[in-house]
Amino acid sequence: MAISFSRPQPFAPRWPHPRHWLPAFVAGAVLLALFCFNAVGAQSGADVANLERNVKAAFLVKFLGYVDFPENAAPTAGEPLVIGVLGDDAVAEELSRITAGRGMNGRQVAVRKLRQGEAPGKLHLLFIGDDDAAGIERALASVRQQPVLTVTETGRNLRLDSVINFRVIDERVRFEVSLEAAEKSNLKLSSRLLAVAYKVQRAGH
């Protein structure tokens, strides 16, 4: 089956009163600026790798603010949002650093390093830094049909079972979204997230 992508639709031309759209507009502009952050610029080597890692870690935290989890998967009062990281300890450490003492939507964020073959437990987001195809498949299978936002960084086209996939395009960190994978995981993604995605794979395509 061919996989087709469509670019995000432009904003609607008719705007409501500014007091309704201005907060969302500002939030969207900030999100777009972050998502279009130049990952390379004039730097090179280790600095580039570190910058790309930091940008991806910032994205992962932001993603949590743009997804609705089903009631049975949402954290209860006092529980944190949990990010599992497989195959990239550097991203896990950066996540721990930037979420220390900070929350997302009023909740704390906890970060767990995972090892290949380890049971993931209860997660809200699983980042798979492993670029090995078999390893990615095993990791995705471990949370299949569960309400977990899965994020890969294959550098290739979006995989069928990953909700979000990072790519570096024109020296910028961008991401693709699979609505089909999101629906299978019973997740609802914000239109503001889709609006700044590089590509959106819609269900049935």
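This text gives an overview of the structure that appears in the document. Every chain is numbered independently, its residues counted from 1 as its sequence is written. For this predicted model, a pLDDT threshold of at least 70 governs which residues receive local features, and a threshold of 80 or more governs which side-chain atom pairs are given and counted, while totals over whole chains, interfaces and linings are taken from all residues. In computing side-chain properties, one takes all heavy atoms of the structure into account and sets aside hydrogens as well as water.

Right, let's talk about the overall build of the chain for a bit. Numbered from the N terminus, helices here are DSSP runs of H or I no shorter than four residues, and strands are runs of E no shorter than two. Of regular secondary structure, the chain possesses 6 helices and 10 strands. Burial classes follow relative accessibility: with a 1.4 Å probe on protein chains only, a residue under 20% of its type's maximum area counts as buried, one over 50% as exposed, and anything between as partly exposed. Within the chain, buried positions represent 42% of all 205 residues. Throughout, a contact is declared for two residues whenever any of their heavy atoms are within 4.5 Å. Across the chain, every contact between residues at least 6 apart in sequence was considered, and the portion connecting residues at least 24 apart equals 59%. Only the protein chains shown count as cover for residues, and all accessible areas are computed by the Shrake-Rupley method using a 1.4 Å probe. By element, 53% of the accessible surface of the chain is carried by carbon and sulfur atoms, the whole surface being about 10,700 Å².

Further remarks concern empty space enclosed by the protein. Here the term cavity refers to a set of points on a 1 Å grid, laid over the protein atoms alone, in which a 1.4 Å probe fits but cannot get out; the term pocket refers to an open set having protein on both sides within 12 Å along at least five of seven lines, with lining residues being those that place an atom within 4 Å of a point. Grid points are joined across faces, edges and corners, and a volume is the space filled by probe spheres set on the points. Tallied over the full model, the rule gives 1 cavity of 30 Å³ or more. Put simply, the largest cavity is a space of about 120 Å³. As for the largest cavity, its lining consists of L140, V143, R144, Q145, Q146, V148, T150, D161, A181, K184 and S185. Among the residues forming the lining of the largest cavity, the class breakdown is 4 nonpolar, 4 polar and 3 charged. Any residue outside Ala, Val, Leu, Ile, Met, Phe, Trp, Tyr, Cys, Pro, Asp, Glu, Lys and Arg is labelled polar, Gly included; the first ten of those are nonpolar and the last four are charged.

With that settled, the discussion passes to the pairing of strand β2 (residues 81-86). Most of β2 is tucked away, with 6 of its 6 residues classed as buried. Neither face of β2 is open: one carries L81, I83 and V85, the other V82, G84 and L86, and all of them are buried. In the sheet, β2 pairs with strand β5 (residues 125-128) via 4 bridges, with the strands oriented parallel. In the sheet register, V85 faces β5, and the bridge partner there is F127. Any two strands with at least two DSSP-identified bridges between them are counted as paired.

With that settled, consider the pairing of strand β8 (residues 172-178). The buried count for β8 comes to 6 of 7 residues, which makes it a mostly enclosed element. Sheet topology places strand β7 (residues 164-169) next to β8; 6 bridges connect them, and they run antiparallel. When the bridges of β8 are listed, F166 appears paired with F175. Between β7 and β8, which follow one another and run antiparallel, lie 2 residues, and D170 among them has a positive phi close to 50°. Bridging between β8 and strand β10 (residues 199-201) involves 3 bridges; their strand directions are parallel. Of the residues in β10, the one forming a bridge with S178 is Q201.

Attention now goes to the packing of aromatic side chains. Centres within 6.5 Å make a pair out of two Phe, Tyr or Trp rings, where for Trp the six-membered ring is used; the pair is then stacked when the planes are under 30 degrees apart, edge-to-face when over 60, and tilted otherwise. The full count for this structure, using the stated rule, is 5 aromatic pairs. Judged by centre distance (6.3 Å) and plane angle (35°), the rings of F59 and F63 are tilted. Here the residue F59 and the residue F63 both occupy positions in helix α2 (residues 45-64), the gap between them amounting to 4 residues, near one helical turn. Joined through ring pairs, the aromatic side chains of F59, F63, F127, F166 and F175 make up one cluster.

When a carboxyl oxygen of Asp or Glu is within 4 Å of a side-chain nitrogen of Lys or Arg, the pair counts as a salt bridge. Summed over all chains, the structure comprises 10 salt bridges. Here E79 and K122 are joined by a salt bridge, their closest N and O atoms 3.6 Å apart. Pair noted here: E79 is in the loop between β1 (67-68) and β2 and K122 is in the loop between β4 (107-114) and β5, with a separation of 43 residues, a long-range link. Relative accessible area serves as the criterion here: at 45%, K122 is assigned to the partly exposed category. One salt bridge connects D89 with R115, and the closest N-O pair in it is separated by 3.2 Å. Of the two residues, D89 sits in helix α3 (residues 89-99) while R115 sits in the loop between β4 and β5, which places them 26 residues apart along the sequence. Taking relative accessible area as the criterion, R115 reaches 45% and is therefore assigned partly exposed. Within this structure, E52, K56 and E153 form a network of salt bridges that share partners.

Here L149 is to be found in strand β6 (residues 149-152). The exposure class assigned to L149 is buried, which follows from its relative accessible area of 1%. Along the primary structure L149 and S185 are separated by 36 residues, whereas in three dimensions their C-alpha atoms are 7.6 Å apart. Beyond its immediate chain neighbours, meaning those up to four positions away, L149 contacts F63, V67, H124, L125, L126, V163, I164, L187 and L189.

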